[in-house]
Every structure is written in C-alpha cells, then in structure tokens.
Amino acid sequence: MGDLVIEGLVKRYGPVLAVDNVSLTVPAGKLVSLLGPSGCGKTTTLNCIAGLERPDAGVIRVAGTILTDASRRIFLPPERRRLGMVFQSYALWPHMTVFDNLAFGLRLQKLPRDEIRRRIAEVLELVGLGGMERRYPYQLSGGQQQRVALARAVVSQPAVLLLDEPLSNLDAKVREQARFWLREFQQRLRITTVYVTHDQAEALAISDLVAVMSAGKVLQYGPPREIYERPATRFVADFIGATSFLDGIVSDRSNGQLRVRVGGEIELCVTSAPTRQPGEPVVLAVRAERIALATDGNAVNIVPGVKRSQVYLGSRYQSLVETPAGTLRVETAIELPDGKVHLKLPPESLVVLPPEEGS
Amino acid sequence: MTATVEAARPVTRRSLDLPVQVALAAATVALVFFPLVPILVQAFSTRPLYDPVRAFTLSNFTRVLSSGAFWSVVGTTVAFAALTTVLAVTLGTALAVLVERTDLPARGLLNSLVILPFYVSPLVLAFAWAVIYGPQGYLTIWARQLIGRDPWNLYSIPGLAVVSMVYYVPYTYLYCTAALSLSDPQVEDAARIAGAGPLRAIRAVTLPLLRPAITYSALLTFVSALELLSIPLVLGTPAGIRVLASYLYILGIAGGRIDYGAIAAISVLTVAIVTALVWVQERLVSEERRFVTTGGRASRIRPMELGTLRWLAFAFVMAYFTFAVLLPLIGIVAQSATAFLSPLINPLQVLTWDNYRLILETEAYRRSIVNSLIIATLGGAIGILFMAFISLMSYRSEFPGRRALTYLALYPRAIPGIIVGIGFLWAFLLIPGLGAVRNTIWALMAAFIMRYIPLGFGAVSPAILRISPELDRAARVAGADWLGTTRRILLPLVRPALLSGYILLVITFLKEYSSALFLFARGSEVIGTTMIELWRQGNSGPVAALASIQIVLTLVVLAASSALLRRR
Ligand SMILES: Nc1ncnc2c1ncn2[C@@H]1O[C@H](COP(=O)(O)OP(=O)(O)O)[C@@H](O)[C@H]1O
Ligand SMILES: [Mg+2]
C-alpha cells in the first residue's frame, strides 16, 4: 500500500486559477475529503489525479509511481493509472447492462471470463445488488445506480478510489443512509479514497481527514474534529457549522489564558490561546451550540443581549441575539426567553483567529 | 477483496489513438485542400495546368474583372439570389408561424408537405416546373387559351427566383420552427392580454423574436442561391440568362479553347466572397445561441386562435403546396409516361413506356442509376462514419489540432459544388498516379463526401455534444483509450443520429449533380449528370423518366428510413 501524494498542483483555465498550489498527502487506506463551496476547485483537483485534466504544474504520485510531473512533462493517460472513479452523474453507460458496465474495465485487462464473472458477482454482493447483473441502468433507482457506479469503480481493484459528490443526486433521506454505508464500504476495502463534497456534514461524518478548500487553495487539512473545533481561519469556521464572530483586542495575557476585550466593556477569557500579545486585534469565533443561557450571573464570560429572532430546527432552537459585542447565533435545546437574556460563552469554546482573514 | 497496489497498468500494446487521429486529420486536410490547391495555382498561372512551362501572373484576374460579360453575370446572379432570398424567407417565415403557432387544421400534415421540396433535387424541380409553367407548359397553354396571351414568363429572373423559392422555403421554415419551439409562447399571451389581436401579436412579438433565425436563414439562402446551378441552367439558358454557376459551366464545356485561367480566377473570387458570407453567418449563429439559451424551454401550449382566418390560411398553404410542388411533380411523372403532354390531348391516349425503356435499355443511362445508388448507399456510409469521427475528434478528444479541424470540416460550405467538381478534376489531372481513380465512381464519392462534410458533421455533432462527458471519462478511467471509448461508448450512444445522418447523406448524394458535372466520365455517370446530358440533347421525355425514377428512389429511402426510425 502506498500514499497518494500531491505536490504543488496548479491548474489554470485561461485567467482562472482553478487549483492554486495544492499539496496533500492521502495516507494509504484512508478516506480524505476535499470540502469547499461550489467552484473552489475540488473537481479540477480530482480530475488532475485521474488524468482527465493536465495540470500546469505539480507532481502526483501513488506508492512511488509518478502519475503526473508537469516539470518533467510526465503525464500518464487516465486509462493507465489504475484508478476507480465515481462521477456526480454516476456516468453509467446507458446502452450496457450492469454486468457489461462492470465488465468493461476487466475485459480491457484481458481477464478470463470466469474470473470476470466471479469478481462482478462478488462486488455486486458487496454493494447489496447481487443478482442485478442483467438490469439496465434505467431500470434501477437512484440509490442503486449510485451503488453500481461504486461497484464499477472498485471492481478492477484500483489503487485509489476517487468520488466526485457521489451522494449529491440522492434524496436527503437516502443520502444519510448512504453516508454510513459508504464509510463502512471504504473501511472494509481499506482503499485509499479521495472524496469530493460541498456538504460539510457529509465530509465530517465519513472522513479520516478533511481538506477545506477555497478559491483553489487548501486552507486547512486535518481530522474532522480538529477542523470543527480548531478552525484555522475565519473562512473554515464560517463554512463549517453555525458560527458567530466577534472582533476584539487582546487586553491581557496570563497563565496561558488570554483576555480579549470585545465591543463595549465586555472582556472575554480564552483558554486555548495561541501566542498573542496584548494590544493585538483578533477575531473570536464561537459555535452556536456552545453558547448557553447563563444561570449564574457571576460566572465568567457572561454577555448580555436581546433576542431578535428565532427559528425552530426540529430538536433545537436557533436564535439571533443582539449583544454589545455583536450579533450572536445561539443554538439551544430550550427556547430562549423573549427580551433580555444573559449568554455564557465558555472560555474553551472560543477560537482565536487572525483579524483580517476572509470576510 | 483488498486493493493491491501495483505500478500503473502495464502497457500491453501501444495505443493507436494518435496514429488514427493523425490519419483522420490528414484525410480531412487532404480532402478539403485537394480541389482548392489546383484552382489557386491555375488562377495565378499564365498557361493551363497541364502545361509544365507556366509563370506567375495576375492577368487572369484582370482579364475577368475587365470583361463586361463577367459583370453582367455577377449582376444577374446577385439579382437572382436576392429575389430568391426575399421570396423564400418571407414565405418560409409566414408558413412557420402559421404551422407552429396557430390553430391551423391538420398542422402535422402541412408540416410534412412544406418540407417536402427539401428532399427533391432542384434539378428535378426545374424540369418539373418547366413541364407545367414553361412556355409550352401544361398550365401555360391552358391559360394562354383562356386569356389570349402568355400569362407569365418562367424563363426570366423572377421566374427562376420563384422556382428557387420553392426549393429554399424549407430552410427558413425549419430554422424558424426550431426557434419558435424554443421561445416562450407566453410572450404572445402577454401581448394578447395587453389588447393586441392575433396578427398584431405576431407582428409585435413573434416576428421580432424570430429575427436571429430569419437573418440566419436569409444568409444561408442567399449563399446557396449564389452558387445554385440547376434552376438557372435549365430555366435561364433558353432565355440567355447566365448566373455565376451556369457561366462557369458554359466556360468549362466550351470545347476547343477552354480558358482555364478565367475559370480559376472566377472560382477564386467566388470562393472568397462566399467565405466572407459564411463567416458572417457563423458569427450570427454564435449570437443566436446566446439568444436561445436566455429564453427558457417552454412546454407547448394552446396555439393562437385565428378565428375566421383559420380556413383561409389553410387554403393558402394548401394552394401553395398544390401549385408549387404537387402539380409540377405530377406533371413530370405524367410527362415521363406520355409521348406528348399538352392540355390539347387526352394524356391517356398517348401513354407510353418508351421513355423508361430508353433509360433502362441504354447502358450508360442505366449505369448512371446504379452508380447513383452505389455512391449514395456506400459513399453515404463511409461519409457519415468519417464525419462522425471528425466530430468526435473535434468535441471529444485531446487532439492538439481539434479546433482547426472543426473549422476545416465546416469550410466546404464556402465552396460551390461546381467549383468542387472543377477542383477535383484538375487535381486528378495534375497529380500523377491518380489517373486510375479519375474516371471511377470513387472520384465522385470523394468529391461528394468532401462537399458534404459540414452536413454530416452538423447532423451528428448535436447528438455527440448531448452525451455527458462523464460517460467517456468513466471509460477512460476504467482503462479504455480514446479509440476504445469511441468504439464502445460514444458511437453506440449516437447510433440514432448516425442513422438519420446516414439517411440525410443518402438522399443528398442521390440528388447531387453539381460537383459531378466536370468530374464524371464514361463509366462514372450519375442520375444528375445524365439528366443534364439528356436535357442538352433536348430529350425532355427521358429526362422526365429519369427525374421520376429519382423521385421514387428518394421516396423509397424516406419510407424505409421512417419505418426504421419508428421501429427503434
Ligand atoms: N473546463 C473549464 N474551463 C474553464 N473553467 C473551468 C473549467 N472547469 C472548471 N473551471 C473553473 O475552475 C474553477 C473550479 O471548478 P471546479 O473544480 O469544477 O469546482 P468545484 O468542483 O469545486 O465546484 C471554477 O471557477 C470553474 O468555473
Ligand atoms: Mg465539482
């Protein structure tokens, strides 16, 4: 087994920098998500790995085999890369049965008939579609088509599996089941996987590592928990989860704790503080669900405010609260009282970000 | 099952992708330049091409441009083409709005009737009109008896333009119906609600929306009419009316001293002007595309109610079809089966098979039918595959020269048929070793295929562009090279378009004559060239018989294809 390594990948379309110097290592057997808003370059990155696009710069290799090295003009065509790929539209060939769709690559490898039949039966069993060999794609439901596409991608035992928003065409309900199922499937095969999605919940749920992308760049690369709890930039914090931002200035630093003055007279205490000096401007990010209604008026980090509006999310309430420090998004299990409220922002829930980042 | 990581897939055999692509591109380049190069060389040469001692000169151009005959031909050509365009576009637009947008009765039937002339050779249409409306035509004599003088003169520029109008109406009609079916009918409803009557709504809303389609059809018609040979040749020659194409034809068959330099210079000038017009047309298409995408695709809704005008409009369309298409076609069939066709004689008394007997018993005539059939069926098959591959290379490959290839594939539109024929003939004369091919149907097949690359390209490209690129990407990732992907995925998926493109080529090749006129030889005659030969000898009966045979063959192809397409 070998890692998939991407170094300094650049892809331009005329004036558009679709991929801007991306470097990533996908450890062997792990599932890595490329997460970011539409148009940020996820598909282009994936297509460069697959050999469907020619990068302008950069190296891509798998287990020591160089797939692409722009500076040395090495470019392996897609058919020789031993990859499996699932496309957003599934791209099942409509004029072929499920069996023929799966057999396409195996026949090109000149495998014996029996072997082909055995492998297809095995992989269809694995995706829960045993016995569907003779069906045509149009005779399958969306979820079944998605699983055939996955079966087709892995049937020739590729070194790397690439998935481009494979769940985005499914209904919300099916999509959530498919998420679990896909994760189990990947764990079972232990296949090195790159997974493209714009859905943050999906990325957090199924990945070993998440790379958050914006405008062609990777902003942060790490395990889901780290991405969620320790976002490195305002963009990442904003893109993932419901987050509020408070502008402030460091007023004091002691015992590994930071005090930050935000709007008005309010000073907040931050525990997980990187090295910041008093007087430095910073932005504090806080997740909506980490904010609570204060019961004890004398506790630390209490912010007074007025409830502006509220929506019911099914199991929780999300409210907008106007405070002297700025507007806070708050998610609570119980309804906030109308009018004046006191909110508690636990010191360990506050993340310090550089001030000018994003908008 | 675990993924085993090996190196990249081993190279079992070298992919043939690049060699095949290069070969296809080279074939396209060769086909398109084959006829152009000798014409260019000849246009700037002092002596005929076959003469090894030649020098560069501009005198061919100065001679042509200072000749009064040439300018009078240019004037006639432009007048003829302009009048044809005005008539065809006006009628085509009116018919499109009536059939596509109003509650005309039997609209499906009318639709088929209006596009019928599209399938008829203009040569046949010319002969057919002469039978009914010529100086000795059936209706002409009848009307002359009635009013005591000639009711009309078919052998005049307006006469030629009216016949050509019939041939070109389907072009405007098809473009306008396509544009109408894409635009939103609710804009007309809005005009009606604002208080406009149906005609007012059409004038104020529908027609302005159609403007891109109308402009495009007008240019297309104008360009085709500029190079049209058949109708001006058959109906204009008796009255001494000459257009560019018939002028070239006369110059080329002059016998004795042929002025090669003048022919080449006129060809170069014509191709240059048509190239410019085609370029303008191309610019319009890209704008029209933008136009169409902004309007949403609307579902068909209730057509506009014409009220009392409804039956009047129906009568108008039926009258047009009857007098412009049906009567002439019946006339030519009647002519072929009688010794003498005139309102003064009961045709049943002069019924005869002589015309058909002459055609079928003369070896050269019979051969022309067989040749036409072989070129149409075999050449059509080779042609459509070739054109499909060019389109696949243009739109579905990483071939480095694919954009240039697309332009090249579409360029033959700018070369009039008769000039294609001249160019091919000269190229065969000029290039040693090709002599064996020159007098065979393969030469004609090559010329026909070259001339209609744009037609086949246009017929299959939309289908190719409609296939999601992810389908071929999936095949590439699964291990197929470009050729494998093309053969196993793309070609099977565009099979319906290949089939209808094939039928289009078969019908087109069956009626093609202009590029064959200079190129055919003993043994490689086709129906069109034989018809013109017979016409020059003054044999109107056998011409009618051959024309009828061509009509029947076309109808058979159409019937077979609609049966075939329906079965799918
Ligand atoms: N073939 C192309 N030609 C021009 N621009 C492209 C092409 N493909 C993608 N782009 C541009 O590159 C950027 C990244 O696109 P993409 O990788 O598809 O984004 P994502 O998959 O993250 O939504 C976008 O700005 C897009 O408009
Ligand atoms: Mg994408």
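Conventions we followed
Residues numbered from 1 in each chain as written. Chains lettered and ligands numbered in written order. Predicted model: local features only at pLDDT ≥ 70, side-chain atom pairs only at ≥ 80, totals over all residues. Heavy atoms only, no water. Helix = DSSP H or I, 4+ residues; strand = E, 2+ residues; numbered from the N terminus. Buried < 20%, exposed > 50% of the residue type's maximum accessible area, 1.4 Å probe, protein only. Areas by Shrake-Rupley, 256 points an atom, 1.4 Å probe, with all protein chains shown as cover. Lys, Arg positive; Asp, Glu negative; His and termini not counted. Charge placed at Lys NZ, Arg CZ, Asp CG, Glu CD. Near = heavy atom within 4 Å. Polar contact = N/O pair within 3.5 Å; in protein donor to acceptor, adjacent residues only side chain to side chain. Nonpolar A, V, L, I, M, F, W, Y, C, P; charged D, E, K, R; others polar. Salt bridge = Lys/Arg side-chain N within 4 Å of Asp/Glu carboxyl O. Disulfide = S-S within 2.5 Å. Pairing = 2+ DSSP bridges. Axes fitted to C-alpha atoms, helices over the stretch in contact; angles between N-to-C directions. Parallel < 35°, antiparallel > 145°, perpendicular 65-115°, else oblique. Contact = heavy atoms within 4.5 Å. Patch = residues over 30% accessible without salt bridge, like charges linked within 9 Å, V, L, I, M, F, W, Y side chains within 5 Å. Core = buried A, V, L, I, M, F, W, Y, C linked by side-chain atoms within 4.5 Å. Buried area = accessible area lost by both parts, 1.4 Å probe.

Undergrad: I would appreciate a short explanation of the overall build of chain A in the present structure.
TA: Helices and strands together make up the secondary structure of chain A, namely eight helices and 21 strands. Counting only C-alpha atoms, chain A reaches 75 × 50 × 35 Å along its principal axes. For chain A, buried positions account for 53% of its 359 residues. As displayed, chain A has an accessible area near 15700 Å², and 49% of this comes from carbon and sulfur atoms. One finds the centroid of the 43 positive side-chain charges in chain A at a distance of 6 Å from the centroid of its 38 negative side-chain charges.

Undergrad: Would you explain the site of ligand 1 in this entry?
TA: Residue and element names in this part refer to chain A. Lining the immediate surroundings of ligand 1 are Tyr-13, Val-16, Ala-18, Pro-37, Ser-38, Gly-39, Cys-40, Gly-41, Lys-42, Thr-43 and Thr-44. A distance of 2.6 Å separates an oxygen atom of ligand 1 from a polar atom in the backbone of Gly-39. When ligand 1 sits alone it has 560 Å² of accessible area, and the protein chains cover 58% of it. In terms of residues, the shell around ligand 1 owes the most to one element, helix α1 (residues 42–50), which gives three residues. Taken together, the residues of the shell around ligand 1 break down into five nonpolar, five polar and one charged.

Undergrad: Can you walk me through the pattern of salt bridges in this structure?
TA: If charged atoms from side chains of opposite charge come close, those side chains can pair. Residue and element names in this part refer to chain A. For the structure shown, the criterion picks out 29 salt bridges over all chains. For Arg-61, the salt bridge is made with Glu-7, and the minimal N-O distance between the two is 2.7 Å. Residue Arg-61 is located in strand β4 (residues 57–62), and its partner Glu-7 is located in strand β1 (residues 4–13); the two are separated by 54 residues in the primary sequence. With a relative accessible area of 28%, Arg-61 lands in the partly exposed category. A salt bridge links Asp-20 to Lys-217, with the nearest nitrogen and oxygen atoms 2.8 Å apart.

Undergrad: What's the story with the state of the cysteines in this structure? I'm lost.
TA: Residue and element names in this part refer to chain A. Inspection of every chain in the model, using the stated rule, returns zero disulfides over all chains. In this model Cys-48 remains outside any disulfide bridge; the closest cysteine sulfur is found in Cys-40, 13 Å from its own. Owing to a relative accessible area of 0%, Cys-48 belongs among the buried residues under this scheme.

Undergrad: What should I look at first to understand the sheet that holds strand β16 (residues 292–293) of chain A in this one?
TA: The pairing of strands in a sheet happens through backbone hydrogen bonds and is either parallel or antiparallel. Residues and elements named next belong to chain A. Ordered by their spatial adjacency, five strands build an open sheet running β16-β20-β17-β18-β19, and the pairing between neighbours is antiparallel. Edge positions in the sheet fall to β16 and β19 (326–332), since each of these pairs with one other strand and no more. Looking at chain direction, β16 and strand β20 (residues 340–344) are connected through two bridges and run antiparallel. Residue pairing in the sheet places Ala-292 in a bridge with Lys-344 of β20.

Undergrad: How should the packing of helix α4 (residues 107–115) of chain B against helix α7 (residues 157–182) of chain B be read in this particular structure?
TA: To describe two helices that pack against each other, one gives the angle between their axes and the distance between the axes. Residues and elements named next belong to chain B. With their axes 8 Å apart at the nearest point, α4 and α7 run at an angle of 135° to one another. Relative to α7, the element α4 lies oblique. The residues of α7 that touch α4, namely those facing Asn-111, Val-114 and Ile-115, are Val-169, Pro-170, Tyr-173 and Leu-174. For the contact of α4 with α7, a count of residues per class yields six nonpolar, one polar and no charged.

Undergrad: What should I look at first to understand a nonpolar patch on the surface in this one?
TA: Residues and elements named next belong to chain B. There is a patch of nonpolar side chains on the surface, built from Val-370, Ile-374, Leu-378, Ile-382, Val-437 and Trp-442 and spanning about 480 Å² of accessible area. Broken down by element, the nonpolar patch gets its largest block of residues, four residues, from helix α15 (residues 363–395). Here Val-437 is to be found in helix α18 (residues 435–438). Here Val-437 falls in the partly exposed class, since its relative accessible area comes to 31%.

Undergrad: Help me understand the sheet that holds strand β6 (residues 74–75) of chain A, please; the structure alone is not making it clear to me.
TA: All names here are of chain A. Taking strand neighbours across the sheet as the criterion, the five strands line up as β2-β1-β4-β5-β6 in an open arrangement whose pairing is antiparallel. Across the chains shown, the open sheet's two edge strands, defined by having one partner strand only, are β2 (16–26) and β6. One ladder, built from five bridges, connects β1 with β4; its direction is antiparallel. Each bridged residue has a counterpart across the sheet, and for Ile-6 the counterpart in β4 is Ile-60.

Undergrad: Whenever I open this one, the environment of B:Pro198 confuses me. Can you help?
TA: Examined against the element boundaries, B:Pro198 turns out to sit in helix α9 (residues 198–227). Taking the C-alpha atoms as reference, B:Pro198 lies 53 Å from B:Leu24; in sequence the two are 174 residues apart.

Undergrad: How should I be thinking about the pairing of strand β12 (residues 243–254) of chain A in this particular structure?
TA: Working note: regular strand, side chains alternate between the two faces of the sheet. Residues and elements named next belong to chain A. Pairing between β12 and strand β15 (residues 281–287): seven bridges, direction antiparallel. What sits directly across from Phe-245, in β15, is Ala-285. Across six bridges, the pairing between β12 and strand β13 (residues 257–262) is antiparallel. Residue pairing in the sheet places Ile-249 in a bridge with Arg-261 of β13.

Undergrad: Looking at this structure, I do not really get the nonpolar core. What am I missing?
TA: Soluble globular proteins tend to bury their nonpolar side chains together. A:Trp93, A:Leu162, B:Leu104, B:Leu235, B:Phe424 and B:Trp426 are the most contacted members of the largest nonpolar core, which totals 213 residues. If one sorts the elements of this core by residue count, α15(B) sits on top with 13 residues. With residues up to four places along the chain from it excluded, the contact list for B:Trp426 reads B:Pro38, B:Ile39, B:Gln42, B:Leu49, B:Tyr260, B:Ile263 and B:Ala264. By size, the runner-up hydrophobic cluster in this structure holds 35 residues, among which are A:Val123, A:Leu129, A:Val154 and A:Leu167.

Undergrad: What is the right way to read the side chain of A:Glu79 from this model?
TA: In this fold, A:Glu79 is placed in the loop between β6 and β7 (83–86). At 2.9 Å, the side chain of A:Glu79 and the side chain of B:Arg476 are in polar contact.

Undergrad: What exactly am I supposed to notice about the side chain of B:Gln550 here?
TA: Residues and elements named next belong to chain B. Counting through the fold element by element, Gln-550 comes out in helix α25 (residues 540–567). Residue classification places Gln-550 among the buried residues on the basis of a relative accessible area of 2%. Non-local contacts of Gln-550, meaning those with residues more than four positions away in its chain, are made with Ser-121, Val-124, Leu-510, Lys-511, Ile-527 and Met-531.

Undergrad: Please clarify how the interface of chain A and chain B should be interpreted in this entry.
TA: Where interface size is given, it is often the accessible area lost as the parts come together that is meant. Facing 43 residues of chain A, the contacting portion of chain B comprises 27 residues. Of the roughly 3100 Å² buried between chain A and chain B on both sides combined, carbon and sulfur atoms contribute 61%. On the chain A side of the contact with chain B, A:Glu79, A:Arg82 and A:Phe104 bury the most area, a combined 22% of that side's loss. Salt-bridge contacts for B:Arg473 lead to A:Glu53; the nearest nitrogen and oxygen are separated by 3.5 Å. At the junction of chain A with chain B, the criterion picks out four residue pairs in polar contact (both at pLDDT 80 or more). The element best represented in the side of chain A that touches chain B is helix α2 (residues 98–108) of chain A, accounting for four residues.

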